[in-house]
Amino acid sequence: MVSRVIPVDDFDLVIFGGTGDLARRKILPGLYRRFCAGQMPDGARIIGAARTDYDTDGYRQFIREAIEEFSEKNDCGPERIDAFLHRLDYVAIDAKGTGGWPVLAQKVRRNVINAFYFSVGPSLFGDIAERLHAYDITDDDSRIVVEKPFGRDLASARQLNAVLAAHFDESQIYRIDHYLGKETVQNLMAVRFGNILFEPLWNAQFVDHIQITVAETVGVGGRGEYYDKSGAMRDMVQNHLMQLLCLIAMEPPSRFDPDAVRDEKLKVIRALEPVDLHHLVRGQYEADGDSPSYREEAGDPRSRTESFIAMRCHISNWRWAGTPFYLRTGKRMRARTSEIAVVFKDAPHSIFGADAGRHANVLSIRLQPNEGITLKVTIKEPGPGGMRLIDVPLDMSFADALGDEAEDIPDAYERLIMDVIRGNQTLFMRGDEVEAAWAWTDPVIESWERRHDVPKPYEQGSTGPEDAAVMMHRDGRRWREIKV
Ligand code: NAP
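Calculation notes
- Residues numbered from 1 in each chain as written.
- Predicted model: local features only at pLDDT ≥ 70, side-chain atom pairs only at ≥ 80, totals over all residues.
- Heavy atoms only, no water.
- Axes fitted to C-alpha atoms, helices over the stretch in contact; angles between N-to-C directions.
- Helix = DSSP H or I, 4+ residues; strand = E, 2+ residues; numbered from the N terminus.
- Parallel < 35°, antiparallel > 145°, perpendicular 65-115°, else oblique.
- Left-handed = near helix turned anticlockwise from the far one by under 90°.
- Contact = heavy atoms within 4.5 Å.
- Nonpolar A, V, L, I, M, F, W, Y, C, P; charged D, E, K, R; others polar.
- Expected span 1.5 Å × (residues − 1).
- Bend = angle between axes of the 7 residues up to and from the residue.
- 1 Å grid on protein atoms, 1.4 Å probe; cavity = no way out; pocket = protein on both sides within 12 Å on 5 of 7 lines; lining within 4 Å.
- Points joined across faces, edges and corners; volume = space filled by probe spheres on them.
- Buried < 20%, exposed > 50% of the residue type's maximum accessible area, 1.4 Å probe, protein only.
- Polar contact = N/O pair within 3.5 Å; in protein donor to acceptor, adjacent residues only side chain to side chain.
- Patch = residues over 30% accessible without salt bridge, like charges linked within 9 Å, V, L, I, M, F, W, Y side chains within 5 Å.
- Areas by Shrake-Rupley, 256 points an atom, 1.4 Å probe, with all protein chains shown as cover.
- Salt bridge = Lys/Arg side-chain N within 4 Å of Asp/Glu carboxyl O.
- Lys, Arg positive; Asp, Glu negative; His and termini not counted.
- Charge placed at Lys NZ, Arg CZ, Asp CG, Glu CD.
- Near = heavy atom within 4 Å.
- Pairing = 2+ DSSP bridges.
- Phe/Tyr/Trp six-rings, centres within 6.5 Å; stacked < 30°, edge-to-face > 60°.
- Lys NZ or Arg CZ within 6 Å of the ring centre and 35° of its normal.

**Structural notes on the packing of helix H2 (residues 56–70) against helix H3 (residues 78–85)**
Now for step 1: It is at 10 Å that the axes of H2 and H3 come closest, and there the two elements cross at 135 degrees. In terms of axis orientation, H2 runs oblique to H3. As for how H2 packs across H3, the hand of that crossing is right-handed. Contacts from Arg60, Ile63, Arg64, Ile67 and Glu68 of H2 reach H3 at Ile81, Asp82, Phe84 and Leu85.
Now for step 2: Residue composition of the contact of H2 with H3, grouped by class: five nonpolar, no polar and four charged.

**Structural notes on helix H15 (residues 431–450)**
Now for step 1: The terminal C-alpha atoms of H15 lie 28 Å apart, and with 20 residues this matches the ideal 28 Å at 1.5 Å per residue to within 8%.
Now for step 2: Along H15, the helix axis deviates most sharply at threonine 441, where the bend reaches about 30 degrees; the proline proline 443 sits within four residues downstream.
Now for step 3: Histidine 452 occupies a position one or two residues after H15 and carries a positive phi of about 50 degrees.

**Side note on the layout of surface pockets**
Now for step 1: Size it by volume and the second largest pocket reaches roughly 1,200 Å³.
Now for step 2: Taken together, 38 residues form the lining of the second largest pocket, with Trp479, Arg480, Glu481, Ile482 and Lys483 sitting closest to its centre.
Now for step 3: Those elements that provide at least two residues to the lining of the second largest pocket are strand S7 (207–215), strand S11 (337–344), strand S12 (362–368), strand S13 (372–380), strand S14 (389–397) and helix H16 (466–474).
Now for step 4: If one sorts the elements of the lining of the second largest pocket by residue count, H16 sits on top with five residues.
Now for step 5: Its residues assigned to classes, the lining of the second largest pocket shows twelve nonpolar, twelve polar and 14 charged.

**Re the side chain of glutamine 368**
Now for step 1: The topology assignment puts glutamine 368 in strand S12.
Now for step 2: On the basis of relative accessible area, glutamine 368 is assigned to the buried category, the value being 12%.
Now for step 3: Within the local environment of glutamine 368, its side chain forms a polar contact with the side chain of lysine 182, the two groups lying 3.4 Å apart.
Now for step 4: Within the local environment of glutamine 368, its side chain forms a polar contact with the side chain of arginine 336, the two groups lying 3.1 Å apart.
Now for step 5: Those residues in contact with glutamine 368 that lie beyond four places of it in its chain are Tyr179, Lys182, Arg336, Thr337 and Ser338.

**Some thoughts on a negative patch on the surface**
Now for step 1: Taken together, the side chains of Asp136, Asp139, Asp140, Asp141 and Asp169 present a region of like negative charge at the surface.
Now for step 2: With respect to the helices and strands, the residue aspartate 141 is situated in the loop between helix H5 (125–134) and strand S5 (143–146).

**Brief notes about the site of the ligand**
Now for step 1: Close contacts around the ligand come from 21 residues, with Thr19, Asp21, Arg25, Arg51 and Thr52 the closest.
Now for step 2: Within the contact set of the ligand, an oxygen atom lies 2.7 Å away from a side-chain nitrogen or oxygen of arginine 51.
Now for step 3: Relative to its unbound accessible area of 890 Å², the ligand is 73% covered by the protein chains.
Now for step 4: Grouping the constituent residues of the shell around the ligand by class yields eight nonpolar, seven polar and six charged.

**A few points about the sheet that holds strand S1 (residues 11–16)**
Now for step 1: In space, the six strands of this open sheet follow the order S3-S2-S1-S4-S5-S6, with parallel pairing throughout. Both outer strands of the open sheet, strand S3 (88–92) and strand S6 (173–175), are each paired with one neighbouring strand and no more. In this sheet, neighbouring strand axes are inclined to one another by 20 degrees on average, regardless of whether the strands run parallel or antiparallel.
Now for step 2: As judged from the five bridges shared by strand S2 (residues 45–50) and S3, these two strands associate in the parallel manner. Residue pairing for S3: glycine 48 is matched across the bridge by tyrosine 90.
Now for step 3: Those strands touched by helix H1 (residues 21–36) are S1, S2, S3 and strand S4 (113–118), and its axis lies near 170 degrees from that of S1.

**Points about the packing of aromatic side chains**
Now for step 1: Applying the stated criterion across every chain yields a total of 19 aromatic pairs.
Now for step 2: Seen in terms of ring centroids, tyrosine 174 and phenylalanine 428 are 4.9 Å apart; in terms of plane orientation they differ by 85 degrees. Their pairing is edge-to-face. Within this pair, whereas tyrosine 174 is found in strand S6, its partner phenylalanine 428 is found in the loop between helix H14 (412–422) and H15, the two being separated by 254 residues in sequence. The two residues tyrosine 174 and phenylalanine 428 agree in class, both being buried.
Now for step 3: Put simply, the rings of Phe16, Trp101, Phe116, Phe118, Phe125 and Tyr135 touch in pairs and so form one group of aromatic residues.
Now for step 4: Its guanidinium or amino end placed over the ring of phenylalanine 150, arginine 175 lies 5.0 Å from that ring's centre, counting from NZ or CZ.

**Digging into the packing of H1 against H14**
Now for step 1: In contact at an axis separation of 8 Å, H1 and H14 are set at 70 degrees when each is read in the N-to-C sense. Judged by the inter-axis angle, H1 sits roughly perpendicular to H14. Mapping the contact onto sequence places Leu22, Lys26, Ile27, Gly30, Leu31, Arg33 and Arg34 in H1 and Tyr413, Glu414, Ile417 and Met418 in H14.
Now for step 2: Grouping the constituent residues of the contact of H1 with H14 by class yields six nonpolar, one polar and four charged.

**Topic: unusual backbone geometry**
Now for step 1: Cis geometry is found at the peptide bond from lysine 148 to proline 149, where omega equals 5 degrees.
Now for step 2: With respect to the element layout, proline 149 can be found in the loop between S5 and helix H6 (154–165).
Now for step 3: For the peptide bond that leads from glutamine 368 to proline 369, omega is -10 degrees, which places it in the cis range.
Now for step 4: By the element assignment, proline 369 lies in the loop between S12 and S13.
Now for step 5: In this structure, aspartate 136 takes a positive phi of about 60 degrees despite not being glycine.
Now for step 6: As for its placement among the helices and strands, aspartate 136 is situated in the loop between H5 and S5.

Geometric values such as these leave the question of function open.
If you want it as structure tokens, here you go:
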């Protein structure tokens, strides 16, 4: 199969924080791969901007090294790297000062799409937005891209939204959640709304419960001090898990357009019931041989920040009344996996008798590793010996189904950056969504801060604290296995 690449219009993309970790690891290697895929128009230019005093050649060399280190797939050869680097320019700029801004103003072309990636800490968003405006670099068609964390609570998110809104319309603001850029996440919408098969069953009458798991094997490592100020609830649940929850639970939008989709997602967040703290477990990984504990990595022997969280949520609407949504995420867990599992109810009556056991259908949507969708169905075990039932997967792994084309699936950052250039906000969070998500998480965080709640210890390489399993057990259910 030949992959279809739709070129985008000519653009100038300015990356504030062009010397930072995210630019080196994700943004520039991602742009390079889109260049290799033939998606970048001939005139497109990328301008790095940060305080480090590079000249253009120095910056190109810096990015060459980043691409060599971080771009494994779709490498299109040494001559192509040169051609790509030729698109790069650099301006030494201080977000808080005046240096570099007039130069940037001169470089950014007005007759092409221009986009500004704020790959810097949120404390600089206001300074940059203000200066882009003051130096007349942006216009009503310009786009800005901002990274998580988008606030650390409702008040700070509101403040950030206000800072950006002072200079940009909501239609110009692209808040990145890279989970939304994953192929499977979009496939989830295709599966739900492109087939007649699933949607009639997609409700409390037929779904027993839904599980969303995002497990990481890495710890907080060198980011310990930074992470300790946030924790799993702020770092993962408020954004990534919440977005996945929205996509799985939302009503069908009337059209696949940004506001129709985001309106439906917002309704889900607003319909979330407050979390019952009896159905929430926080954890912190312990030391394991040479591998330090969370507290050691965080540099605080008394830290009460969670590196794991599991909880049960409910959505108060007609579709989902009474259906539990279990969310779980943690660091230093058994395996790296992200999965949404829709566990359907048993057939209402088993004609095969009690011995046949429970055979609920499960639709599993894997985000990583090995993106794909599996439906577990029950069949007769082949061969003689009567009617014995077994469960087999109907598997739709992208790698198998699409062959070589799966190799060309852009990663989340590549796709999202190209969406910015195309002006498509469907896979970006709107300001009101972010605020609604904080409005739901804030009381939970405040309540455990008030009670000085101490997370439960868990073993590295496990599935989290025992209490998380007990919480499920009380509900007569089990967590999905985290397979190595
Ligand atoms: P980083 O490595 O610390 O990079 C920060 C960048 O900002 C550097 O390029 C730095 O360059 C520039 N900078 C700092 N102060 C500046 C100033 N006054 N004027 C102009 N430029 C300035 O951070 P990062 O990891 O790339 O993260 C960037 C943003 O993305 C953060 O908001 C982070 O939370 C978010 N994010 C990062 C990741 C990731 O994987 N790294 C993932 C998700 C979200 P100079 O020192 O040369 O000025």
